[in-house]
Amino acid sequence: MKSRKATAIGCGVAVLLVALAIGILGYGMFGNHPYYAKDVRQHGLAPASATSIEVFEARNISGAVSLTYLVSEAEFQKFAEEKGWPLSPGSGSIQVHPPSDYFGAVMLKDVEAYLTYEKRQRNGGGIKVIYIPSESRAYIDKSNR
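Residues numbered from 1 in each chain as written. Predicted model: local features only at pLDDT ≥ 70, side-chain atom pairs only at ≥ 80, totals over all residues. Heavy atoms only, no water.

Asks: Describe the side chain of S66, listing the residues and the values that go with them.
Replies: Within the fold, S66 resides in strand β3 (residues 65-70). Using a relative accessible area of 0% as the deciding quantity, one classes S66 as buried. Those residues in contact with S66 that lie beyond four places of it in its chain are E54, V55, F56, H97, P98, P99, Y102, I140 and D141. (Helix = DSSP H or I, 4+ residues; strand = E, 2+ residues; numbered from the N terminus. Buried < 20%, exposed > 50% of the residue type's maximum accessible area, 1.4 Å probe, protein only. Contact = heavy atoms within 4.5 Å.)

Asks: Tell me about the nonpolar core, residues and numbers included.
Replies: Within the largest apolar cluster, 22 residues are counted, with the highest numbers of intra-cluster contacts made by I53, L67, Y69, F76, W85, V129 and I140. Residue assignment for this core shows that the elements contributing at least two residues are β1 (35-40), β2 (51-57), β3, α2 (73-83), β5 (107-120), β6 (126-132) and β7 (137-143). Setting aside anything within four residues of it in sequence, one finds I53 in contact with A37, K38, D39, V40, R41, Q42, H43, A46, L67, T68 and Y69. Counting residues in each nonpolar core, the second largest holds seven residues, with I94, V111, Y114 and I130 among its members. (Core = buried A, V, L, I, M, F, W, Y, C linked by side-chain atoms within 4.5 Å.)

Asks: Please provide a residue-by-residue account of the sheet that holds β1, values included.
Replies: As a general point, the strands of a sheet are linked pairwise by backbone hydrogen bonds and lie either parallel or antiparallel. Reading across the sheet, the seven strands line up as β1-β2-β3-β7-β6-β5-β4 and stay open at both edges, with antiparallel pairing between neighbours. Where the open sheet ends on each side, the last strands, each with one partner, are β1 and β4 (88-96). The mean inter-strand angle of the sheet, taken between neighbouring strand axes irrespective of direction, is 25°. Here six bridges tie β3 to β7, and the two strands are oriented antiparallel to one another. Looking at the pairing, S66 lines up with D141 of β7. Strands in contact with α2 are β3, β5, β6 and β7; relative to β6, the strand with the most contacts, it is inclined by about 160°. (Pairing = 2+ DSSP bridges. Axes fitted to C-alpha atoms, helices over the stretch in contact; angles between N-to-C directions.)

Asks: I'd like a description of the pairing of β3, backed by residues and values.
Replies: Counting buried positions along β3 yields five of six residues, so the element is predominantly enclosed. Note that β2 and β3 share five bridges and pair antiparallel. Residue pairing for β3: F56 is matched across the bridge by S66.

Asks: Now, about α2: what can you tell me, with residues and values included?
Replies: When we look at burial in α2, the residues that qualify are F76, F79 and A80. The arc that holds the buried residues of α2, viewed along the axis, is 100°, so those residues lie on one side. Along α2, exposed side chains directed more than 90 degrees from the buried face belong to A74, E81 and E82. For α2, the secondary structure elements touched by its buried residues are β3, β6 and β7. Two residues or fewer after α2 comes G84, characterised by a positive phi angle close to 80°. (Arc of directions from axis to C-beta.)

Next comes the structure, spelled out in C-alpha cells:
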C-alpha cells in the first residue's frame, strides 16, 4: 500500500515538473515581453558609428526587431555590404515602423531618394532595410516569421 502511494506521489511530482517546464518554455517562446530602448550604444544591426539608436525587440519566437539610427551614407553602404544586403535605389513613398510605436500604425514617408533591401521568407519573416540619405537615417525591420 505504501509502495503504491509513494509511486503515485512520485508520478504526480514528475507530471507537475513537466507541466511547469512546458509552461516556462511556452511563456519564453510565446509570451509578451517586449523590449524598447532609446539611445542604445550599439546593436548587431547597426554599424559601430551609428548614433541615436532606437530599438524595439519582441523577445519571443517571432524574433521581431525594429530599429532606427543615424549614420553617414558611406558608413551605411559599407555596413550593408558587410551584411550582404545589396541596396537598390528608390524614390517616393515608403513605409516604416518606428520602434517607439511598433504595434501602432505604419508611418508613410515621401522622400526624394532612398536605398532599400528586402528579403522575405516563405513564412512571412525576413528583413526590410531602408536608408534615407537626406536624413542620414536607417530603418530596419526583421523577424523570424
